[in-house]
Amino acid sequence: MERYPGLFVVFEGLDGSGSTTQVKLLSGYLKERGYLVLETKEPTNNLIGGLIRGQLTHEWKTGQECLQLLFAADRAHHLEKEIIPAIKKGYIVISDRYMFSSMAFGGIDLDMEWIKKINERFILPDITFLLRVSPQVCLERIGKNRFGFQLFEEKEKLEKTWMNYQKIKKEFPNVFEIDGEQEIERVHGDIVNVMDEFLKKDKKRISKTLSWYFED
Ligand SMILES: Nc1ncnc2c1ncn2[C@@H]1O[C@H](COP(=O)(O)OP(=O)(O)OP(=O)(O)O)[C@@H](O)[C@H]1O
Ligand SMILES: [Mg+2]
């Protein structure tokens, strides 16, 4: 596979696992150390991302296959217009969710192999941080700590999603599971430890990134 001079870092986890919080903290940490950082997310804020959000907020309704194809189309556009150009310029791109979200969440109702297939042309992240937070804690964090059947159903869905993430972790390289139930700063500390190790190992690539930065 073609190697780009920058790095591609992705955060994954259940809803409410703290990915947005940790993307911001890691981005700040790296910027302070002189790295060029692009924070981004999926679904994107572009047109196709808007279609996906409309579906998630029940503004319109489509089937699971259509939804997964929209996620893949949004991703193709995201890669072409934002992620790959930034990586080529030496940026560390940090995305709040990417293709493993499609596989883990979409894999509840659809064959995960099909989701993998429609995503197989896309680059893999250099590092994925998978935040481990139990469905119960996730639901509490996002304010869904009520009782009843709906909650039970939601919890069961999150449990299945987490099992899918476990499969993904075994199958794909450089997926680092982080205990996301610790205090925010401790979670950040664990992430930074992995990130620093990775940057040390990849010194040649990163020093190239920095030299590009200073030549600009
Ligand atoms: N380690 C933590 N301990 C306790 N609360 C946390 C922790 N990390 C995040 N939170 C809180 O949990 C809530 C969800 O966090 P955040 O928005 O970062 O999660 P998310 O994974 O991005 O959620 P979503 O899937 O909804 O986008 C926020 O109120 C946040 O302040
Ligand atoms: Mg978020």
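Residues numbered from 1 in each chain as written. Chains lettered and ligands numbered in written order. Predicted model: local features only at pLDDT ≥ 70, side-chain atom pairs only at ≥ 80, totals over all residues. Heavy atoms only, no water.

### Side note on the pattern of salt bridges
No. 1: By the definition in use, this model includes 11 salt bridges.
No. 2: Residues Lys 31 and Glu 39 are paired through a salt bridge, measuring 3.8 Å at the closest nitrogen-oxygen approach.
No. 3: With relative accessibility at 36%, the residue Glu 39 sits in the partly exposed group.
No. 4: Between Arg 132 and Glu 177 there is a salt bridge, and its shortest N-O distance comes to 2.7 Å. (Salt bridge = Lys/Arg side-chain N within 4 Å of Asp/Glu carboxyl O. Buried < 20%, exposed > 50% of the residue type's maximum accessible area, 1.4 Å probe, protein only.)

### What about helix H4 (residues 99–106)?
Since the α-helix packs 3.6 residues into each turn, any two residues three or four apart lie on the same face.
No. 1: The element H4 is largely enclosed, with a buried count of seven among its eight residues.
No. 2: Of the residues making up H4, those classed as buried are Met 99, Phe 100, Ser 101, Ser 102, Met 103, Ala 104 and Gly 106. (Helix = DSSP H or I, 4+ residues; strand = E, 2+ residues; numbered from the N terminus.)

### Focus: the sheet that holds strand E2 (residues 37–41)
No. 1: Reading across from one edge, E2-E3-E1-E4-E5 is the order of the five strands in this open sheet, with parallel pairing throughout. Edge positions in the open sheet fall to E2 and strand E5 (175–179), since each of these has one partner strand only. With direction set aside, neighbouring strand axes in the sheet form an average angle of 20 degrees.
No. 2: Two elements, strand E4 (residues 127–132) and E5, share five bridges in a ladder whose sense is parallel. Residue pairing across strands places Arg 132 opposite Asp 179, the latter belonging to E5. (Pairing = 2+ DSSP bridges. Axes fitted to C-alpha atoms, helices over the stretch in contact; angles between N-to-C directions.)

### Quick word on helix H8 (residues 184–201)
No. 1: Spanning 18 residues, H8 covers 26 Å between terminal C-alpha atoms, matching the ideal 26 Å at 1.5 Å per step.
No. 2: Along H8, the residues classified as buried are Val 187, His 188, Ile 191, Val 192, Val 194, Met 195, Phe 198 and Leu 199. (Expected span 1.5 Å × (residues − 1).)

### Some details on the site of ligand 1
No. 1: In the vicinity of ligand 1, 13 residues are found, and the nearest of them are Gly 18, Ser 19, Thr 20, Thr 21 and Gln 182.
No. 2: At 3.1 Å from an oxygen atom of ligand 1 is found a main-chain nitrogen or oxygen belonging to Gly 16.
No. 3: Take Arg 141: an N or O atom from its side chain is 3.4 Å from a nitrogen atom of ligand 1.
No. 4: Protein contact buries 63% of the 630 Å² of open area that ligand 1 shows by itself.
No. 5: Here the element with the most residues in the shell around ligand 1 is helix H1 (residues 19–32); it accounts for three residues.
No. 6: Looking at the shell around ligand 1, its residues break down into one nonpolar, eight polar and four charged. (Near = heavy atom within 4 Å. Polar contact = N/O pair within 3.5 Å; in protein donor to acceptor, adjacent residues only side chain to side chain. Areas by Shrake-Rupley, 256 points an atom, 1.4 Å probe, with all protein chains shown as cover. Nonpolar A, V, L, I, M, F, W, Y, C, P; charged D, E, K, R; others polar.)

### Side note on the environment of Cys 138
No. 1: Tracing the chain through its elements places Cys 138 in helix H6 (residues 135–141).
No. 2: Taking C-alpha positions, Cys 138 is 8.7 Å from Gly 18, a pair spaced 120 residues apart along the chain.
No. 3: Residues contacting Cys 138, with those up to four places away along its chain left out, are Leu 14, Asp 15, Gly 16, Ser 17, Val 133 and Leu 158. (Contact = heavy atoms within 4.5 Å.)

### Section: unusual backbone geometry
No. 1: In this structure, the amide linkage connecting Glu 42 to the following residue, Pro 43, adopts the cis form with an omega of -5 degrees.
No. 2: Within the secondary structure, Pro 43 sits in the loop between E2 and helix H2 (47–56).
No. 3: Its identity as a non-glycine residue notwithstanding, His 58 has a phi of 65 degrees, on the positive side.
No. 4: Position of His 58 relative to the elements: it lies in the loop between H2 and helix H3 (64–88).

### Some thoughts on the nonpolar core
No. 1: The biggest cluster of nonpolar side chains holds 31 residues, and the ones touching the most others in it are Phe 8, Tyr 98, Phe 100, Met 103, Tyr 165 and Ile 168.
No. 2: Those elements giving two or more residues to this core turn out to be strand E1 (7–13), H3, H4, helix H5 (112–118), H6 and helix H7 (149–171).
No. 3: It is H3 that provides the largest number of residues to this core, a total of six residues.
No. 4: Among residues more than four places away in sequence, those in contact with Tyr 165 are Glu 12, Gly 13, Leu 14, Arg 97, Phe 100, Ser 101, Ala 104, Phe 105 and Leu 130.
No. 5: Val 23, Ile 92, Phe 129 and Ile 178 belong to the second-largest nonpolar core, a separate cluster that totals 22 residues. (Core = buried A, V, L, I, M, F, W, Y, C linked by side-chain atoms within 4.5 Å.)

### Here's the deal with the packing of aromatic side chains
No. 1: Under the counting rule described, the total for this entry stands at six aromatic pairs.
No. 2: Each ring, one from Phe 8 and one from Tyr 98, has its centre 4.9 Å from the other, and the planes form 80 degrees; the classification is edge-to-face. One end of the pair, Phe 8, is in strand E1; the other, Tyr 98, is in the loop between strand E3 (92–96) and H4, with 90 residues separating them in the sequence. Per residue, the accessibility class of Phe 8 equals that of Tyr 98, and both read buried.
No. 3: An aromatic cluster of at least three residues, connected via ring pairs, comprises Phe 11, Phe 129 and Phe 176.
No. 4: Against the face of Tyr 98 rests Arg 75, its NZ or CZ located 5.5 Å from the ring centre. (Phe/Tyr/Trp six-rings, centres within 6.5 Å; stacked < 30°, edge-to-face > 60°. Lys NZ or Arg CZ within 6 Å of the ring centre and 35° of its normal.)

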